[in-house]
Amino acid sequence: MIIASPGPCLLAMVEQTQSKSVAQVSVIFVARAAGYLAGSVLGGVTLDALPTRGNLVLALALLAAAAGTASISGASSLSLLSSLMVMIGLAMGVTDTAANVLMIALHGKGVVDPYMHAQHFFFGLGAFSSPLALLWAMGDTYHYSGAMWAFAAVLATGGAMLLVLPSPNTGGAAAGAAQPNPETQTGGGGAVRCVGMALARREWFVVGATAMFLAQYVGIEVTFGGFIYTYSVQYTGLAQGLSKLVTSCYWGSIAAGRLLSTVLSAYKVSPKAIIEASVTGATLSSLLLCMAPASPAALWISTCLFGLSLAPIFAWAMNNAEVAMPISGRVATILIIGASAGEMALPALAGGLFAHVGPLSLPWFILVSCMAQCVCYHFLAGQTTEAVAEAVAEAVAEAVAEAV
């Protein structure tokens, strides 16, 4: 819910904080992303230190997010609002890291794929309901405090429930998947060491590439969701109520796409086919908006298709990394740091362009970002299958040559 709430409130926040423009208020996205970055590190370190208390970590993060969300409507200055967004981002970073690691620990490698998609479906469902709640609470006014208190109540309820539920052991998966020490191997020890080193290098390379891919994806998702309301009002001329519905349709399409991905994964549809359709669809739907930027029909169609296309990407990236190596708290932290870097950078760039070039810059910025995402995907896809086999084959060949 809280990831989608700032976008429809941007114009209200300009008035609330007595700021000069939307571009000035868009600093809240950077503030939230900075908190998210710190929270992802904190979440990973905490989970590694407390592998049997993951639910407690997640519960405390939700309660902190509830406190920050309830306080937003009372922030009378941009500095106070930004501080609250840092607090919320911190809680979101811990939540994302903990939730993904706990899901993998609960269901295990090779089985988690549909469950991961289902988890991210509920993320999309909350984001879909957020603009609808804001539309109900605000109408054509700038008063959104009722919706924020409702969001805070939902977060607090979830946190309270987690406090009494048993937590899976987040250290079990990594420990169970740990490789034998090459130094203790007998018979071909040199080959084992070389293979182990090659695999370790390739695994961490995949993690780094996945972090960059997530940076691109999350930056696109947050930028579009954060600015499409203002774009709809200022460029296409839609009323504020309809513009909130556009935002809701975007997040609702993400929820629907993740539900569809859950079903497809359960029926063993190839993850490669799903992700390639996703990155291609996102690029084409953003191109549609660029071709007809002032058309309300194009806005509605491209927004729904864009959200539907983006839906499976985050879960695919996490699952893809999990195939390469166990997702411990440290690995999850690296991935979430990548995501938070994108959330910090892309909305800030889009906000600057919005102020200096105008609303028309948004669809073109999204299109260029989607094209970059396609490049990142094709680079990453080449590092997880054939490349791993090639690296192992090369290591074995080197070990055999040394032995001879």
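These figures come from a predicted structure and were not determined experimentally.

### With respect to the overall build of the protein
Alright, step 1. Of regular secondary structure, the protein possesses 16 helices and zero strands.
Alright, step 2. When burial is assessed residue by residue, the protein has 51% of its 404 residues classed as buried.
Alright, step 3. Considering only contacts within the protein whose residues lie at least 6 apart along the sequence, 83% involve residues at least 24 apart.
Alright, step 4. Entry remark: accessible area of the protein is about 16300 Å², with carbon and sulfur atoms responsible for 70%.

### Re the layout of surface pockets
Alright, step 1. Taken as a whole, the largest pocket spans an internal volume of roughly 1200 Å³.
Alright, step 2. Looking at the largest pocket, it is lined by 40 residues, and the ones nearest its centre are L62, T95, A99, Q119 and F123.
Alright, step 3. Going through the elements one at a time, helix 4 (54–71), helix 5 (78–107), helix 6 (113–138), helix 7 (145–163) and helix 9 (189–236) are the ones with two or more residues in the lining of the largest pocket.
Alright, step 4. With ten residues, the top contributor of residues to the lining of the largest pocket is helix 5.
Alright, step 5. Looking at the lining of the largest pocket residue by residue, the classes come out as 28 nonpolar, eight polar and four charged.

### A word on the environment of D113
Alright, step 1. Relative to the assigned elements, D113 resides in helix 6.
Alright, step 2. What makes D113 partly exposed here is its relative accessible area of 21%.
Alright, step 3. Setting aside chain neighbours within four positions, we find D113 in contact with S265 and N319.

### Considering the packing of aromatic side chains
Alright, step 1. Applying the stated criterion across every chain, the model contains ten aromatic pairs.
Alright, step 2. Aromatic pair F224 and F306: ring centres 4.7 Å apart, planes at 45°, arrangement tilted. Here the residue F224 occupies a position in helix 9, and F306 occupies one in helix 12 (residues 296–310), the gap between them amounting to 82 residues.
Alright, step 3. Members of the aromatic cluster, joined through ring pairs, are F224, Y250, W251 and F306.

### Section: the confidence of the model for the protein
Alright, step 1. For the protein, the average pLDDT comes to 80, and 82% of its residues sit at 70 or higher.
Alright, step 2. Scored below 50 in pLDDT, residues 173–188 makes nine contacts in the model with residues more than four places away or belonging to other chains.

### Considerations on empty space enclosed by the protein
Alright, step 1. Scanning the entire structure with this criterion turns up one cavity of 30 Å³ or more.
Alright, step 2. Its boundaries defined by the atoms lining it, the largest cavity holds a volume of some 40 Å³.
Alright, step 3. Taken together, F224, S285, S286, L289, S302, F306 and I366 make up the lining of the largest cavity.
Alright, step 4. Of all elements in the fold, only helix 11 (271–291) and helix 12 reach the threshold of two or more residues within the lining of the largest cavity.
Alright, step 5. The leading source of residues in the lining of the largest cavity is helix 11, at three residues.

### Side note on the nonpolar core
Alright, step 1. Core analysis: the largest hydrophobic core is formed by 97 residues, its most contacted members being I28, Y144 and F306.
Alright, step 2. For this core, the leading source of residues is helix 9, giving 15 residues.
Alright, step 3. Not counting the four nearest positions on each side in its chain, Y144 is found in contact with C9, A12, M13, Q16, I72, S73, L134 and M138.

### Regarding unusual backbone geometry
Alright, step 1. You will see that Q18, though not glycine, has its phi angle at about 55°, which is positive.
Alright, step 2. Note on placement: Q18 falls in the loop between helix 1 (6–16) and helix 2 (22–25).
Alright, step 3. By relative accessible area, Q18 is classed as exposed at 72%.

### Points about the packing of helix 6 against helix 10 (residues 240–266)
Alright, step 1. Where helix 6 meets helix 10, the axes come as close as 8 Å, and the angle between the chain directions of the two elements is 165°. Of the possible angle classes, the one that applies to helix 6 and helix 10 is roughly antiparallel. Remark: the crossing between helix 6 and helix 10 carries left-handed chirality.
Alright, step 2. Along the lines of polarity and charge, the residues of the contact of helix 6 with helix 10 split into 18 nonpolar, ten polar and three charged.

### Re the pattern of salt bridges
Alright, step 1. Within this structure, the stated rule accounts for two salt bridges.
Alright, step 2. Note that E343 is salt-bridged to R32, the shortest N-O span being 3.2 Å. Of this pair, E343 sits in helix 14 (residues 329–356) while R32 is found in helix 3 (residues 27–49), placing the two residues 311 residues apart along the sequence. Residues E343 and R32 agree in their burial class; the two are buried.
Alright, step 3. Of the charged contacts, one joins R258 and E221 as a salt bridge, the two residues approaching to 3.4 Å between their closest N and O atoms. With R258 in helix 10 and E221 in helix 9, this pair connects stretches of sequence that are 37 residues apart.

### Some thoughts on the side chain of S369
Alright, step 1. As for its placement among the helices and strands, S369 is situated in helix 15 (residues 361–381).
Alright, step 2. With near-sequence residues (within four places) excluded, S369 lies in contact with Q216, I220 and L346.

### A look at the packing of helix 11 against helix 12
Alright, step 1. For the pair helix 11 and helix 12, the least separation of the axes is 8 Å and the interaxial angle reads 165°. The angle between helix 11 and helix 12 falls in the class roughly antiparallel. The way helix 11 lies across helix 12 gives a crossing that is left-handed. Side by side, helix 11 and helix 12 meet where S278, G281, A282, S285, S286, L288 and L289 of the first sit next to A298, L299, I301, S302, L305, F306, S309 and L310 of the second.
Alright, step 2. For the contact of helix 11 with helix 12, the residue count by class is nine nonpolar, six polar and no charged.

Parameters at a glance
- Residues numbered from 1 in each chain as written.
- Predicted model: local features only at pLDDT ≥ 70, side-chain atom pairs only at ≥ 80, totals over all residues.
- Heavy atoms only, no water.
- Helix = DSSP H or I, 4+ residues; strand = E, 2+ residues; numbered from the N terminus.
- Buried < 20%, exposed > 50% of the residue type's maximum accessible area, 1.4 Å probe, protein only.
- Contact = heavy atoms within 4.5 Å.
- Areas by Shrake-Rupley, 256 points an atom, 1.4 Å probe, with all protein chains shown as cover.
- 1 Å grid on protein atoms, 1.4 Å probe; cavity = no way out; pocket = protein on both sides within 12 Å on 5 of 7 lines; lining within 4 Å.
- Points joined across faces, edges and corners; volume = space filled by probe spheres on them.
- Nonpolar A, V, L, I, M, F, W, Y, C, P; charged D, E, K, R; others polar.
- Phe/Tyr/Trp six-rings, centres within 6.5 Å; stacked < 30°, edge-to-face > 60°.
- pLDDT = per-residue confidence, 0-100.
- Core = buried A, V, L, I, M, F, W, Y, C linked by side-chain atoms within 4.5 Å.
- Axes fitted to C-alpha atoms, helices over the stretch in contact; angles between N-to-C directions.
- Parallel < 35°, antiparallel > 145°, perpendicular 65-115°, else oblique.
- Left-handed = near helix turned anticlockwise from the far one by under 90°.
- Salt bridge = Lys/Arg side-chain N within 4 Å of Asp/Glu carboxyl O.

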